[in-house]
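Next come the chains, spelled out residue by residue.
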Amino acid sequence: VQLVESGGGLVQPGGSLRLSCAASGFTFSNYVMSWYRQAPGKGRELVASITITGGSTNYLDSVKGRFTSSRDNAKNTVYLQMNSLKPEDTAVYYCNARNYYTDYIYWGQGTQITVSA
């Protein structure tokens, strides 16, 4: 089982990034996919989640209108499009997969996002 995040990096305030999380080793379409983040000295927080069909999404209040999550079940990949990035978005972003039927969870290794001028 693997969840491999990519797309992180350094971006200026107001910029955009797109994270990808490629899944393998499990039935991707049975899993609710989420993005979490953890800033230095803070706890991990849920940023966005998307249902198994991609028909519904939920977002942390502070990212609503700026971040968009999507998934491609044919490619076993979930995405997080991040626009209008702010310094407070700086964190390690983690991909999370939760089985819709069993609640079993997998985590990715995380990717660093740094928003700084």
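The structure under discussion appears in the preceding block.
Overview of the structure. By convention here, each chain's residues receive numbers from 1 onward along its written sequence. Two thresholds apply to this predicted model, a pLDDT of at least 70 for residue-level local features and 80 or more for giving and counting side-chain atom pairs, whereas whole-chain, interface and lining totals are computed over all residues. As a convention, hydrogens and water are excluded, and side-chain values are obtained from all of the structure's heavy atoms.

A few points about the overall build of the protein
- Going along the chain from the N terminus, every DSSP run of H or I of four or more residues is numbered as a helix, and every run of E of two or more is numbered as a strand. Secondary structure assignment for the protein yields zero helices and eleven strands.
- Ordering the α and β elements of the protein from the N terminus gives β-β-β-β-β-β-β-β-β-β-β.
- Against the globule reference of 13 Å for 117 residues, the protein gives a C-alpha radius of gyration of 13 Å, in line with a compact fold.
- The principal-axis extent of the C-alpha atoms belonging to the protein is close to 40 × 25 × 25 Å.
- Note on classification: 1.4 Å probe, protein chains only; a residue is buried when its accessible area is under 20% of the maximum for its type, exposed when over 50%, partly exposed between these limits. A buried classification covers 40% of the 117 residues belonging to the protein.
- Two residues form a contact once any of their heavy atoms are found within 4.5 Å. Sequence-distant contacts, at least 24 apart, represent 54% of the contacts inside the protein between residues at least 6 apart.
- Computed over 10 positive and 7 negative side-chain charges, the separation of the two mean positions in the protein equals 2 Å. The reference for a compact globule is 2.2 Å times residues^0.38; the radius of gyration itself is calculated from the C-alpha atoms. The charge count treats Lys and Arg as positive and Asp and Glu as negative. His and the chain ends do not count. Charge positions come from single atoms, namely NZ of Lys, CZ of Arg, CG of Asp or CD of Glu.

Side note on the side chain of Arg-37
- Structurally, the position occupied by Arg-37 is in strand E4 (residues 31–38).
- Residue classification places Arg-37 among the buried positions, given a relative accessible area of 6%.
- For Arg-37, the side chain forms a polar contact with the side chain of Glu-45, separated by 2.7 Å.
- In this structure the side chain of Arg-37 is engaged in a polar contact, spanning 2.9 Å, whose partner is the side chain of Tyr-93. In protein, a polar contact requires one atom able to donate a hydrogen and another able to accept it; more generally it is a pair of N or O atoms within 3.5 Å, and residues adjacent in sequence count only if both atoms are side-chain atoms.

As for the pairing of strand E5 (residues 44–50)
- If DSSP finds at least two bridges between two strands, the strands pair. Sheet topology places E4 next to E5; six bridges connect them, and they run antiparallel. When the bridges of E5 are listed, Met-33 appears paired with Ile-50.
- The hairpin turn running from E4 into E5, its antiparallel successor, is five residues long, and Gly-41 in that turn takes a positive phi close to 75°.
- Here E5 folds back onto strand E6 (residues 57–59), and the loop between the two strands holds six residues, one of which, Gly-54, carries a positive phi near 85°.

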